[in-house]
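Close look at the chain arrangement
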Amino acid sequence: MSGHRVLAAALVEPGHYELREYPLPSPALDCLLVRIEVSGICGTDKHTYLGYTGQYGGQGTPKQIPFPIIQGHENVGTIAAIGGDGRCTDFEGIPLKVGDRVIVGPNVSCGTCYFCRHDFPYYCCENTVDYGNNISAKDPPHLFGGWSQYLYVVPGSFLVRVPDDLPSEIAVLTEIMAVTVGLDRAKQISSFPNESFLFDDTVVVLGTGPLGMCFVMKARMLGAGTVVAIDLSDYRLDFARRLGADVILNARQTSGVERLARVRELTHGRGADVVIECAGVPEAVREGLEMLRVGGLLVEAGNFSDMGEISLSPHRHLCAKNVRILGVGGEEPAAYGRSMRQMVRYQRHYPLREFVTHRFGLRQVEAAMQKSMAADSMKVVIDPWS
Ligand SMILES: [Zn+2]
Ligand SMILES: [Zn+2]
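Notes on the structure in this doc start here. (Residues numbered from 1 in each chain as written. Chains lettered and ligands numbered in written order. Predicted model: local features only at pLDDT ≥ 70, side-chain atom pairs only at ≥ 80, totals over all residues. Heavy atoms only, no water.)

Right, let's get into the overall build of the protein. In terms of helices and strands, the protein carries twelve helices and 21 strands. Taking 2.2 N^0.38 as the reference for a compact globule, 386 residues should give roughly 21 Å; the C-alpha atoms of the protein span a radius of gyration of 21 Å, in line with that estimate. Along the three orthogonal principal directions, the C-alpha set of the protein runs to about 65 × 40 × 40 Å. Looking at the protein residue by residue over its 386 residues, the buried ones come to 58%. For the protein, contacts bridging at least 24 residues in sequence account for 69% of all contacts bridging at least 6. For the protein, the exposed area adds up to about 16,000 Å²; of that, 51% sits on carbon and sulfur atoms. Here the protein holds 37 positive side-chain charges and 43 negative ones, and the gap between their average locations is 3 Å. (Helix = DSSP H or I, 4+ residues; strand = E, 2+ residues; numbered from the N terminus. Rg over C-alpha atoms; globule rule 2.2 N^0.38 Å. Buried < 20%, exposed > 50% of the residue type's maximum accessible area, 1.4 Å probe, protein only. Contact = heavy atoms within 4.5 Å. Areas by Shrake-Rupley, 256 points an atom, 1.4 Å probe, with all protein chains shown as cover. Lys, Arg positive; Asp, Glu negative; His and termini not counted. Charge placed at Lys NZ, Arg CZ, Asp CG, Glu CD.)

And the structure:
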């Protein structure tokens, strides 16, 4: 295969892509080459494109995006080559061979830092490298993001084999579906008295882009009661209803006061048991805290990039209300296989095949990015071969 050229879309600075050609590498020992089939546009990619380039702030190892990068960390593809003796297994121990369809987990953790050794989520690793995000395309073998015909997989990455009965345009949702592991964690917390999230609890999802939509589905799968979806787009809210939301509220046509009143009305004045923030704007956090019942739980998953600050009343929003806030900065590798099997199962109940609304080639990445931020799109994907 060497000698071939690989096409990729490189983001050279916020707002500016270049179509570039790179040499096709052959994988070194413990490395792989994956031929990308589809790669999703994630909320993080949108934030980076818009110039919000700070990530992992507030940790010991904050990061800035090292331009140029090849974006794309929601990657589905087939194994094109395996380095070394050609043997490898997926995260669940399934042997992998050339031609197998896989998801490549977006982060690579070191396994030896304090957080890795103390059972923190793998994205808390002090030395994490993230495909499509914080590995520069400047240095060979360059291909560290999925908006490229091939992805170069480095040692320590995890791969998960895609079930044969899961179409790639659904498998591409696996990363965001895996982020909803935040609700599984909430479920564990609920084993303590008065804590959310219990069977039949009222759940509000703020922001029903693709991630929020997966939380709507997951809340329903895990036994939520009333699910309220709030977004600026009627198009997205209609889809949220089809994925299990009972009540939808358009944030353009209602005031914050009206939305709060509606949530209280639905809960006999108490407020929501759980609010999940997926709007990815700081202001939504305050709205979410206001909607919570006393002792309720806010899951914060939307502001993965540093989008700025808000003011809170520590008395009114936190202390007097006895709230819990669960920051969810990513997913867990073990959630990948489970999410895929559940999506296979729920294909019958949910219109998962309609989740990907637009496909674009590498020459149209700019248009793809614009579409992903438009009110009339759900998941937008890059197909690097079209
Ligand atoms: Zn993502
Ligand atoms: Zn580590």
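In the first shell of the zinc ion (ligand 2), the protein supplies C110 (SG), C113 (SG), C116 (SG) and C125 (SG), at 2.3 to 2.4 Å from the metal. Donor residues binding the zinc ion (ligand 2) come from one chain and are separated in sequence as C-x2-C-x2-C-x8-C. Overall, C113 belongs to the buried group, its relative accessible area being 6%. (Donors = N, O, S within 2.8 Å, 3.2 Å for Na, K, Ca; no water.)

Here we come to the sheet that holds strand β17 (residues 272–277). Pairing in this open sheet of six strands is parallel, and the strands run β16-β15-β14-β17-β18-β19 from one edge to the other. Edge positions in the sheet fall to β16 (247–250) and β19 (324–327), since each of these pairs with one other strand and no more. Taking each pair of neighbouring strands and ignoring which way they run, the sheet shows an average axis angle of 15°. Looking at chain direction, strand β14 (residues 203–206) and β17 are connected through four bridges and run parallel. Residue L206 lies in a different strand from β17, and its bridge partner there is E277. In this fold helix α6 (residues 210–221) packs onto β14, β15 (227–231), β17 and β18 (292–300), with an angle of close to 170° to the strand it touches most, β14. Relative to the sheet, helix α8 (residues 256–266) contacts β14, β15, β16 and β17, its axis offset from that of β16 by approximately 170°. (Pairing = 2+ DSSP bridges. Axes fitted to C-alpha atoms, helices over the stretch in contact; angles between N-to-C directions.)

The subject of this paragraph is the nonpolar core. In this structure, F215, I276 and F355 are the most contacted members of the largest nonpolar core, which totals 61 residues. Residue contributions to this core peak at eight residues, all from α6. Every residue in contact with F215, bar those within four places of it in the chain, is listed here: V179, T180, L183, V205, I276, C278, V299 and A301. Counting 46 residues, the second-largest nonpolar core is a separate cluster that includes I135, V153, V365 and M369. (Core = buried A, V, L, I, M, F, W, Y, C linked by side-chain atoms within 4.5 Å.)

Here we take up the pairing of strand β3 (residues 32–40). Most of β3 sits inside the fold, with seven of its nine residues counted as buried. Bridge count between β3 and strand β12 (residues 150–153): four bridges; the pairing is antiparallel. Its bridge partner lying in β12, L33 is registered against Y152. Sheet topology places β3 next to strand β21 (residues 379–382); two bridges connect them, and they run antiparallel. Bridge pairing in β21 places G40 opposite V381.

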